Amino acid sequence: MPDDSSDITQGRARGKVSLPDPGRSPWWELGRRLLLAVVILVGTVMLVYLDRHAYRDGNDPPYFRVDLVDSIYYTTVTLSTTGYGDIAPVAEHARMINAFVITPLRIAFLVLLIGTTLEVLASQGREMFRVARWRKKMSAHVVVIGYGTKGRAAVDTLVNNGTDRESIVVVDPGPEALQEAHADGLAVVTGDATRRDVLRRAGVENAGQVIITTNRDDSNVLATLTVRQLNPDVWIVAAVREQENVALMRQSGANSVITSSDAVGRLLGLSSLSPTLGSVMEDLLTYGEGLEVAERDLLVSEVGQQPQSLPDQVIAVVRDEKVYRYFDPVVTLLARGDRLIVVRPAKELPWAPRPGTHDEDLATDDA
């Protein structure tokens, strides 16, 4: 898979839902047990053949000899409990070997085959039950289309900010993405995200957010259009490589558009002009260390104050679903219902008020 993301336009749409499983695949277990059954069968054949002089073939007079074919025949009918009796052990030690070696092998052989069949059927039933139960729980979840570098980073950010992994679904056609997402404990729908049936399997109609992070802008636009048709109210965040495609992405229905190439290029330019400024920007973009950019509710005690006077470093104010910079005259004084975009130490919870103010009332509209 490309380092950036898998291409959702390649491969056929399969739309298979697969949930992460810490154990091995049931088909791997089936293959392992069949191999073990073959080992038991071959071992028993060799045991009989090496001791063939102690057996007698009743259908081969006057010599009653047992050869390799007879050994295979005797082993198969014995392990399957058929037992025609035409070949039988006549020597005392051969009878003891049958009693204490071949009989336990016969039992093990039957248990192995019957147990494997029952387990495969049970595993399939459990998987169907898990998927059905998963579908019932999928509501207001997050769908991540494309599990490359950007998709994994987006999931990490969501998880680090309190989103449950069980409420995240990955849509990607690549087998590598399936393995990586399962290793990260995520459910995966394998298929082309530009197809409605695949997105329906991911529960897009009931999703709260959709993040589109493939490495082709045309695929992102088509996926955005399809998602918006299935769910007119879902919040869509999409990535584009080229700035000229931002307007097209917004027209397709994306609520927020991130230009990946421009953002990286700007960071490279800032780092070249000012290494210290570049390091600060990198700090803001890196989770868990130094500084973090976060959004939080306004406290009752902060109503009527200026954004610059708060303990947090306020860089923007969200009012009536619009974002204003902290110096905008519209937000000179903070009002009930405002939300703050702040820069704060990474050790503090990004979605909570500052330490020492957790028990204060929030100045929301319905407070």
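Rules behind the numbers
- Residues numbered from 1 in each chain as written.
- Predicted model: local features only at pLDDT ≥ 70, side-chain atom pairs only at ≥ 80, totals over all residues.
- Heavy atoms only, no water.
- Helix = DSSP H or I, 4+ residues; strand = E, 2+ residues; numbered from the N terminus.
- Buried < 20%, exposed > 50% of the residue type's maximum accessible area, 1.4 Å probe, protein only.
- Areas by Shrake-Rupley, 256 points an atom, 1.4 Å probe, with all protein chains shown as cover.
- pLDDT = per-residue confidence, 0-100.
- Contact = heavy atoms within 4.5 Å.
- Patch = residues over 30% accessible without salt bridge, like charges linked within 9 Å, V, L, I, M, F, W, Y side chains within 5 Å.
- Salt bridge = Lys/Arg side-chain N within 4 Å of Asp/Glu carboxyl O.
- Lys, Arg positive; Asp, Glu negative; His and termini not counted.
- Polar contact = N/O pair within 3.5 Å; in protein donor to acceptor, adjacent residues only side chain to side chain.
- Pairing = 2+ DSSP bridges.
- Axes fitted to C-alpha atoms, helices over the stretch in contact; angles between N-to-C directions.
- Phe/Tyr/Trp six-rings, centres within 6.5 Å; stacked < 30°, edge-to-face > 60°.
- Lys NZ or Arg CZ within 6 Å of the ring centre and 35° of its normal.

Asks: How should the overall build of the chain be read in this particular structure?
Replies: Counting its secondary structure elements, the chain contains 10 helices and 13 strands. Out of the 367 residues belonging to the chain, those deemed buried represent 39%. With an accessible surface of roughly 20700 Å², the chain has 57% of that area assigned to carbon and sulfur atoms.

Asks: It is not clear to me how unusual backbone geometry should be interpreted in this structure. Could you clarify?
Replies: Outside of glycine, negative phi angles account for most residues, and trans bonds account for most peptide bonds. Unusually for a residue other than glycine, A140 sits at a positive phi of about 55°. Looking at the secondary structure, you find A140 in the loop between helix 3 (92–137) and strand 4 (142–145). Its identity as a non-glycine residue notwithstanding, D320 has a phi of 55°, on the positive side. When you line up the elements, D320 lands in the loop between strand 11 (313–319) and strand 12 (322–325).

Asks: Explain the confidence of the model for the chain to me, please; I cannot follow it from the model alone.
Replies: Regions with low pLDDT should not have their predicted coordinates read in detail. In the predicted model, the chain carries a mean pLDDT of 78, and 78% of its residues have values of at least 70. When pLDDT is averaged over each element of the chain, strand 7 (residues 209–212) comes out on top at 94 and strand 1 (residues 16–18) at the bottom at 64. For residues 1–13, every residue scores under 50 in pLDDT, and the model assigns this stretch 46 contacts once sequence neighbours within four places are set aside. Long-range and interchain partners of residues 354–358, a stretch whose pLDDT sits below 50, account for nine contacts in this model, where long-range means more than four residues apart.

Asks: What am I meant to see in a nonpolar patch on the surface here?
Replies: A cluster of nonpolar residues, V38, V42, M46 and L50, forms a patch on the protein surface that exposes about 370 Å² of accessible area. Looking at the secondary structure, you find V38 in helix 1 (residues 26–50).

Asks: Mind showing me how you'd approach the environment of V317 here?
Replies: Mapping V317 onto the fold places it in strand 11. Put simply, V317 and D338 are 21 residues apart on the chain and 6.7 Å apart in space, counted from C-alpha to C-alpha. The residues contacting V317, other than those within four sequence positions of it, are P307, K322, V323, Y324, V331, L334, D338, R339 and L340.

Asks: For this particular structure, what's the right way to read the side chain of R228?
Replies: In this structure, R228 sits in helix 7 (residues 217–230). For the buried residue R228, which engages in no salt bridge, the nearest side chain bearing the opposite charge is D233, 6.2 Å off. A distance of 2.8 Å separates a polar side-chain atom of R228 from the backbone oxygen of V234. Looking at R228, its side chain comes within polar contact range of the side chain of N255, at 2.9 Å.

Asks: Would you mind going over the environment of R216 with me for this structure?
Replies: Position of R216 among the secondary structure elements: in the loop between strand 7 and helix 7. The partly exposed category is assigned to R216, whose relative accessible area is 34%. With 25 residues separating them along the chain, R216 and R241 place their C-alpha atoms 7.4 Å apart. There is a polar contact of 2.5 Å between the side chain of R216 and the side chain of D218.

Asks: Teacher, can you tell me more about the sheet that holds strand 11 here?
Replies: Across a sheet, strands are paired by hydrogen bonds formed along the backbone, either parallel or antiparallel in direction. The four strands lie next to each other as 10-13-11-12, forming an open sheet whose pairing is antiparallel. Bordering the open sheet on either side are strand 10 (291–297) and strand 12, each of which pairs with just one other strand. Put simply, the sheet's adjacent strands are angled 30° from each other on average, direction ignored.

Asks: Hey, could you run me through the packing of aromatic side chains in this one?
Replies: What describes a pair of aromatic rings is the distance from one ring centre to the other and the angle between the planes of the rings. Going through the model one piece at a time under the given rule, you end up with one aromatic pair. Above the plane of the ring of Y49 lies R52, whose end atom (NZ or CZ) is 4.3 Å from the centre.

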